Amino acid sequence: MDVFISIDMEGVAGVATREQCRRGADDYGIGRRLMTAEANAAVAGAVDAGADQVVVRDAHGDMANLLPDELDRRAELIIGSPSAHAMMEGIDTRPFAVALFVGYHAAAGVEAAVLAHTYSGTSFHDVRIDGRSVTEAELNAWLAGEYGIPVGLVTGDDRICAVAEARLPGVRTVKVKRGHGFTVAASRHPEDARAAIRAAAADAVRGAPELTPTVASGPVTIEVDLTDLRRADLCALPPHVERDGRTVRYTGERYLDAFHCLRTWLHLAAAAR
Ligand SMILES: [Zn+2]
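Residues numbered from 1 in each chain as written. Predicted model: local features only at pLDDT ≥ 70, side-chain atom pairs only at ≥ 80, totals over all residues. Heavy atoms only, no water.

Looking at the coordination of the zinc ion
Here comes step 1: For the zinc ion, every protein donor is listed as D8 (OD), E10 (OE), E10 (OE) and H60 (ND1), and the spread of their distances is 2.0 to 2.7 Å.
Here comes step 2: Coordination geometry of the zinc ion: the four donor atoms subtend angles of 53 to 138° at the metal centre, consistent with an arrangement described as irregular.
Here comes step 3: Ordering the donors of the zinc ion by residue number gives the pattern D-x1-E-x49-H. One end of the pair, E10, is in the loop between strand 1 (2-7) and helix 1 (28-48); the other, H60, is in the loop between strand 2 (53-58) and strand 3 (75-78), and 50 residues separate them in sequence.
Here comes step 4: Residue E10 is classed as buried on the basis of its relative accessible area of 7%. (Donors = N, O, S within 2.8 Å, 3.2 Å for Na, K, Ca; no water. Tetrahedral: all angles 85-135°; square planar, octahedral: opposite > 155°, others 65-115°. Helix = DSSP H or I, 4+ residues; strand = E, 2+ residues; numbered from the N terminus. Buried < 20%, exposed > 50% of the residue type's maximum accessible area, 1.4 Å probe, protein only.)

Thoughts on the packing of aromatic side chains
Here comes step 1: Enumeration over the complete set of coordinates arrives at five aromatic pairs.
Here comes step 2: With a centroid separation of 5.9 Å and 75° between ring planes, the pair formed by Y119 and F259 is classed as edge-to-face. Taken as a pair, Y119 in the loop between strand 4 (98-104) and strand 5 (124-129) and F259 in helix 6 (residues 255-271) lie far apart in primary sequence, 140 residues in all. This pair shows no difference in class: Y119 is buried, exactly as F259 is.
Here comes step 3: Members of the aromatic cluster, connected to one another through ring pairs, are Y119, W142, Y255 and F259. (Phe/Tyr/Trp six-rings, centres within 6.5 Å; stacked < 30°, edge-to-face > 60°.)

Overview of the environment of A108
Here comes step 1: Inspection of the secondary structure assignment puts A108 in the loop between strand 4 and strand 5.
Here comes step 2: In this structure, A108 is in contact with A116, H117, T118, F124 and H125, ignoring residues within four places of it in sequence. (Contact = heavy atoms within 4.5 Å.)

Some details on the layout of surface pockets
One simple way to see leftover space: roll a probe sized like a water molecule over the atoms.
Here comes step 1: Taken as a whole, the largest pocket holds about 1000 Å³ of empty space.
Here comes step 2: Surrounding the largest pocket, 38 residues form its lining, G61, H117, Y119, S120 and G121 being those nearest its centre.
Here comes step 3: Counting only elements with at least two residues in the lining of the largest pocket, the list comes to strand 5 and helix 6.
Here comes step 4: A per-element tally of the lining of the largest pocket places helix 6 first, with four residues.
Here comes step 5: Of the residues in the lining of the largest pocket, the class split is 15 nonpolar, 14 polar and nine charged.
Here comes step 6: Summarising the domain contributions, the lining of the largest pocket has at least three residues from each of domain 1 (2-125 + 134-210) and domain 2 (220-271). (1 Å grid on protein atoms, 1.4 Å probe; cavity = no way out; pocket = protein on both sides within 12 Å on 5 of 7 lines; lining within 4 Å. Points joined across faces, edges and corners; volume = space filled by probe spheres on them. Nonpolar A, V, L, I, M, F, W, Y, C, P; charged D, E, K, R; others polar. Domains from an automatic or database assignment.)

Here we look at the pattern of salt bridges
Here comes step 1: Within the structure shown, the criterion is met by 17 salt bridges.
Here comes step 2: A salt bridge links R74 to D72, with the shortest nitrogen-to-oxygen separation between them at 2.7 Å.
Here comes step 3: Overall, R74 belongs to the partly exposed group, its relative accessible area being 45%.
Here comes step 4: Here R167 makes a salt bridge to E138, at a shortest N to O gap of 2.9 Å. Here R167, found in helix 3 (residues 158-167), pairs with E138, found in helix 2 (residues 136-146); they are 29 residues apart in sequence, far enough to count as distant. (Salt bridge = Lys/Arg side-chain N within 4 Å of Asp/Glu carboxyl O.)

Notes on the sheet that holds strand 1
Here comes step 1: Read across the open sheet, the seven strands follow the order 3-2-1-4-7-8-9; overall the sheet is mixed. Two strands close off the open sheet at either side, each with one partner strand: strand 3 and strand 9 (184-187). Strand after strand, the sheet turns through a mean of 20° between neighbouring axes, direction not considered.
Here comes step 2: Lying on the sheet, helix 2 is in contact with strand 4 and strand 7 (151-157); it crosses strand 4 at an angle near 160°. (Pairing = 2+ DSSP bridges. Axes fitted to C-alpha atoms, helices over the stretch in contact; angles between N-to-C directions.)

Description of empty space enclosed by the protein
Here comes step 1: Summed over all chains, the structure comprises one cavity of 30 Å³ or more.
Here comes step 2: Taken as a whole, the largest cavity holds about 30 Å³ of empty space.
Here comes step 3: Taken together, P150, V151, L168, P169, T212 and T214 make up the full set of residues lining the largest cavity.

Observations concerning the sheet that holds strand 6 (residues 132-133)
Here comes step 1: Ordered by their spatial adjacency, five strands build an open sheet running 6-5-10-12-11, and the pairing between neighbours is antiparallel. Across the chains shown, the open sheet's two edge strands, defined by having one partner strand only, are strand 6 and strand 11 (242-244).
Here comes step 2: Sheet topology places strand 5 next to strand 10 (residues 220-226); five bridges connect them, and they run antiparallel. In the sheet register, F124 faces strand 10, and the bridge partner there is L226.

The structure is reproduced here in structure tokens:
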């Protein structure tokens with residue numbers, strides 16, 4: 001039984017500011033250390049529950065944040081970007097029993113959600129699938145679903161945990177902090193958060209057979225509200241993209257097509273800065 005872990009940084013216990021999450025900022029080293037320790041907690045939980053192989057995907061920013069020599073040596077680390085599956089790179093490499101999302105955060109525009117955004121903190125105001133605003137957790141759950149893999153755990157602040165419980169049937173959550181503002185949180189002590197994540201990861205792996213993958217069936221329409229018209233000018237260029245002011249829209253035959261369009265918009269929008 002193999003387990004896939006995708007770990008972001010904004011939803012880690014003890015993290016609440018941009019300076020902790022941005023390469024080159026004074027507090028980035030603190031963020032990296034806290035993130036690595038939470039990854040290790042999830043790996044330990046997966047192994048407690050009998051996982052044979054654990055793959056950890058570094059899923060924040062340039063995806064090179066985890067401290068490789070401090071990561072539990074029982075896990076394989078997938079580091080670096082860009083890649084086809086982004087925060088889920090490696091999900092298609094073997095039949096994982098379950099995917100675990102650690103350090104996740106709420107969607108762009110959610111009040112009192114710590115460092116909330118959806119794939120881009122600067123370019124995307126909102127990302128919608130078939131008309132509904134979605135989080136990275138849901139976007140990545142559909143990606144796992146493409147390969148028949150369910151999501152068993154989401155950890156982060158109270159906001160992302162509430163969304164995960166509502167939209168990912170059977171998922172377990174660990175609230176490591178309460179959002180008080182975009183860059184303000186009441187956090188559990190990181191060691192307590194890690195103990196809870198380890199226990200929940202083990203429960204999620206043991207409970208994997210009861211979970212159902214989140215599958216997007218039929219054509220999928222993805223829409224993004226961009227933060228400005230210059231970004232929209234560029235994101236409207238790929239074939240089959242419709243545009244309405246700052247909004248771009250694409251319908252793919254499969255979810256993966258829609259996801260790859262989102263990734264294309266992400267990089268085009270970044271080029272428009
Ligand atoms: Zn992140």
